[in-house]
Amino acid sequence: MEEVALPAAPGEAAHPALALANSAVALPGGHTFDFLGTPAQAEQWLARRDLAPVGAGLAEVCATQLRSLREQIRSLLASRVAEQPALPAAVAAVNDAMTRVPTASLLVWDERSGPYRATPHPTTAIVEHALAVVAADAADLLTSPDAARLTACASPPCNRFLIRHGRRQWCSTRCGDRVRAARAYARRATAE
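Since the model is a prediction, treat every value here as computed from it, not as a measurement.

Trainee: So what exactly am I meant to see when it comes to the overall build of the chain here?
Mentor: Scanning the chain from terminus to terminus reveals six helices and six strands. Going residue by residue from the N terminus, the α and β elements of the chain occur as α-β-β-α-α-α-β-β-α-β-β-α. Residues classed as buried in the chain amount to 39% of the 192 residues present. By sequence separation, contacts in the chain at least 24 residues apart represent 54% of the contacts at least 6 residues apart.

As structure tokens, this is what we get:
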């Protein structure tokens with residue numbers, strides 16, 4: 001399926017964790033689209049959010065890490081929306097992503113040249129930094145006043161989250177129009 005053009009859900013611009021959670025989209029007709037489905041798509045997603053440079057060269061292992069963190073953040077957001085306890089594994093995954101990034105170059109000792117400081121593989125460091133930024137944002141979102149306005153889109157089958165402003169219950173005009181059209185159809189069907 002070709003890439004889907006969806007507007008950002010309310011709150012995504014301010015919270016990359018919300019954007020990550022919404023990067024796998026359930027569409028009408030049983031279709032889905034994953035903005036992180038391939039390493040190239042994951043790299044584009046990160047680059048659009050200034051979390052990685054264009055041409056970083058992400059491998060499948062990097063895209064898998066990003067998709068894994070997405071599922072853990074989705075679990076945390078769903079727990080918050082449902083006012084249920086979070087899964088300990090989801091909390092641990094976010095904490096792990098935040099603490100995995102070294103704050104300094106590591107000490108390496110070469111037999112011939114002796115000690116020197118070096119950073120890990122550049123692509124791995126880029127991905128781990130991006131994961132840490134998104135994980136920290138997830139923690140910030142879940143502990144901020146915005147958490148009280150966090151909700152799931154009320155338009156089935158949409159699976160996106162948003163930060164509610166006013167009475168808005170949908171992640172996009174498209175979802176709102178779909179619900180209103182379904183209501184109008186139901187009214188016409190019962191009137192006949």
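Trainee: Just to check I follow, could you spell out the nonpolar core for this structure?
Mentor: Grouped burial of nonpolar side chains is what soluble globular proteins tend to show. Core analysis: the largest hydrophobic core is formed by 37 residues, its most contacted members being Leu20, Trp45, Leu46, Leu66, Leu69, Ile73 and Leu77. Secondary structure elements with two or more residues in this core: helix H1 (16–21), strand E1 (24–27), helix H2 (39–48), helix H3 (60–81), helix H4 (88–100), helix H5 (122–143) and strand E6 (161–163). If near-sequence neighbours (up to four positions away) are discounted, leucine 77 is found in contact with Leu18, Ala21, Leu141, Leu142, Leu150 and Phe161. Judged by nonpolar contacts, the second largest core, of eight residues, contains Ala9, Cys153, Cys171 and Cys175.

Trainee: Before we go on, may I ask you to explain H2 in this structure?
Mentor: Residues separated by three or four positions in an α-helix point in the same direction, a consequence of the helix having 3.6 residues per turn. When you tally the buried positions in H2, you get seven out of 10 residues, the bulk of the element. Positive backbone phi, at 55°, marks aspartate 50, one or two positions downstream of H2.

Trainee: Explain unusual backbone geometry here, please?
Mentor: Phi is mostly negative for residues that are not glycine, and the peptide bonds are mostly trans. In the segment running from proline 156 into proline 157, the intervening peptide bond is cis, with an omega of 5°. Mapped onto the elements of the fold, proline 157 is located in the loop between strand E5 (150–152) and E6. Phi is positive for aspartate 50, close to 55°, though the residue is something other than glycine. For aspartate 50, the position within the fold is in the loop between H2 and H3. Classification of aspartate 50 by relative accessible area gives exposed; the value is 71%.

Trainee: What exactly am I supposed to notice about the state of the cysteines here?
Mentor: By definition, a disulfide links the sulfur atoms of two cysteine residues through a covalent bond. For the coordinates displayed, the defined rule picks out zero disulfides. Left unpaired, cysteine 171 is separated from the closest cysteine sulfur, that of cysteine 158, by 3.6 Å. Of all cysteine sulfurs, the one in cysteine 171 lies closest to cysteine 175, which takes part in no disulfide; the gap is 3.7 Å. Taking relative accessible area as the criterion, cysteine 175 reaches 5% and is therefore assigned buried.

Cut-off values and rules
Residues numbered from 1 in each chain as written. Predicted model: local features only at pLDDT ≥ 70, side-chain atom pairs only at ≥ 80, totals over all residues. Heavy atoms only, no water. Helix = DSSP H or I, 4+ residues; strand = E, 2+ residues; numbered from the N terminus. Buried < 20%, exposed > 50% of the residue type's maximum accessible area, 1.4 Å probe, protein only. Contact = heavy atoms within 4.5 Å. Core = buried A, V, L, I, M, F, W, Y, C linked by side-chain atoms within 4.5 Å. Disulfide = S-S within 2.5 Å.

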